[in-house]
Amino acid sequence: MSSQLQKLRDVWLQPHNVGMESTELPQLTFDDLTNSIISPGPFYYYVIDFYDMSLSHISPGIRDIPGFDPEKVTFNDVLDAIHPEDVEFTALAESTIANFFHKNIKREKLLKYKKVYNLRGRLGNGDYALINHQALMLTLDSHGGYGKCLNIHTRIDHLSNYNTYQYSLLGINGEPSYMNINPGSTMQNTMKFSKREIDIIRCISNGLNNNEIAEKLFISDLTVKKHRCNILSKSDCKNSAQLVKACVLQGLI
């Protein structure tokens, strides 16, 4: 393994991250998995156990995109498929996210956030394509160390070939979402969307107008207009089309 990839693995081996004991995976069905996946393109998923770096629940799509055999693929194979120039960004993003939860938010909150960023991944033919990485922590051990995590990789080069080298933390069950964060930053002045704003963004992506959104969310159309203005201002987007594309690329919708 290269020194760059070892740096990435070292992030998960930090004392406050490393799993000290095996954890039991909640009973997962295909519906549970697909409900966690926002996929604007071809994708595959797997569950990584950070206690021993083993993989399970590997989807057949891993054969179609990076060209791995679902019966034989290892986590090292997945890491080796990251473009060498993107490994440093990946390590820094993972380290920043881990430190944020360790220092600022209760550790168990990890289970209520999906972390998202883009990287270039190697395809089965040897070419590289832009991949959207989504990770949802499923378990923590009794010490708060990483347990099992669902990772989803979606090919998005049909939407963009430009990587912003930023990450987002998408809140689940009412938690706020933090968007477009620069790795290594203190997260001050980070774009933060409330649950209501996320609901409105998803309504916009489904083509609903202000009156339809107001009716669906049981709020006034004036409130919807105010939220839309705030959302566009926060996201630095000029219109709804640009907003929807940005949120698709971040795995929000």
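Parameters at a glance
Residues numbered from 1 in each chain as written. Predicted model: local features only at pLDDT ≥ 70, side-chain atom pairs only at ≥ 80, totals over all residues. Heavy atoms only, no water. 1 Å grid on protein atoms, 1.4 Å probe; cavity = no way out; pocket = protein on both sides within 12 Å on 5 of 7 lines; lining within 4 Å. Points joined across faces, edges and corners; volume = space filled by probe spheres on them. Helix = DSSP H or I, 4+ residues; strand = E, 2+ residues; numbered from the N terminus. Nonpolar A, V, L, I, M, F, W, Y, C, P; charged D, E, K, R; others polar. Salt bridge = Lys/Arg side-chain N within 4 Å of Asp/Glu carboxyl O. Buried < 20%, exposed > 50% of the residue type's maximum accessible area, 1.4 Å probe, protein only. Pairing = 2+ DSSP bridges. Core = buried A, V, L, I, M, F, W, Y, C linked by side-chain atoms within 4.5 Å. Contact = heavy atoms within 4.5 Å.

### Digging into empty space enclosed by the protein
Okay, so step 1: For the structure on display, the rule yields two cavities of 30 Å³ or more.
Okay, so step 2: Forming the walls of the largest cavity are 26 residues, and the residues nearest its centre are Tyr-46, Val-78, Ile-82, His-133 and His-153.
Okay, so step 3: Those elements that provide at least two residues to the lining of the largest cavity are helix H1 (3-12), strand S1 (43-49), helix H4 (75-80), helix H5 (87-104), strand S3 (113-122), strand S4 (128-137) and strand S5 (148-155).
Okay, so step 4: The greatest single-element share of the lining of the largest cavity, amounting to five residues, is contributed by S3.
Okay, so step 5: Considering only residue class, the lining of the largest cavity consists of 18 nonpolar, five polar and three charged.
Okay, so step 6: Estimates place the volume of the second largest cavity at around 60 Å³.
Okay, so step 7: Surrounding the second largest cavity, Ile-97, Phe-101, Leu-110, Tyr-113, Lys-115, Ala-135, Met-137, Cys-149 and Leu-169 form its lining.
Okay, so step 8: Elements with a minimum of two residues in the lining of the second largest cavity: H5, S3 and S4.
Okay, so step 9: The residue makeup of the lining of the second largest cavity, split by class, is eight nonpolar, no polar and one charged.

### Notes on the pattern of salt bridges
Side-chain pairs of opposite charge can arise whenever the charged atoms involved come near each other.
Okay, so step 1: By the definition in use, this model includes eight salt bridges.
Okay, so step 2: The salt bridge partner of Glu-94 is Lys-115, with a shortest N-O separation of 2.6 Å. Residue Glu-94 is found in helix H5, and its partner Lys-115 is found in strand S3; the two are separated by 21 residues along the sequence. Across the pair, exposure class does not vary: Glu-94 and Lys-115 are buried alike.
Okay, so step 3: Among the salt bridges present, the one from Asp-157 reaches Arg-155, with a minimum N-O distance of 2.7 Å.

### Remarks on the pairing of strand S7 (residues 177-181)
Okay, so step 1: Across the five residues that make up S7, a large majority, four, are buried.
Okay, so step 2: As paired elements, strand S6 (residues 167-171) and S7 share two bridges and run antiparallel to each other. Bridged to Tyr-167 within S7 is Ile-181.
Okay, so step 3: Joining the antiparallel neighbours S6 and S7 is a turn of five residues, in which Asn-173 adopts a positive phi near 60°.

### Here we look at unusual backbone geometry
Okay, so step 1: For Tyr-165, which is not glycine, the phi dihedral falls at a positive 55°.
Okay, so step 2: For Phe-218, which is not glycine, the phi torsion reads 60° and is therefore positive.
Okay, so step 3: Among the residues examined, Phe-218 registers a relative accessible area of 76% and is labelled exposed.

### Quick look at the nonpolar core
Okay, so step 1: The biggest cluster of nonpolar side chains holds 44 residues, and the ones touching the most others in it are Trp-12, Ile-48, Phe-50, Phe-75, Phe-101 and Leu-169.
Okay, so step 2: If you list the elements that add at least two residues to this core, you get H1, S1, H4, H5, S3, S4, S6 and S7.
Okay, so step 3: If you tally residues by element for this core, the top one is H5, at eight residues.
Okay, so step 4: Each residue touching Ile-48, except ones within four places of it in the same chain, is listed here: Met-53, Ser-54, Leu-55, Phe-75, Gly-147, Lys-148, Cys-149 and Asn-151.
Okay, so step 5: Val-116, Leu-217, Ile-231 and Cys-237 belong to the second largest nonpolar core, which has 18 residues in total.

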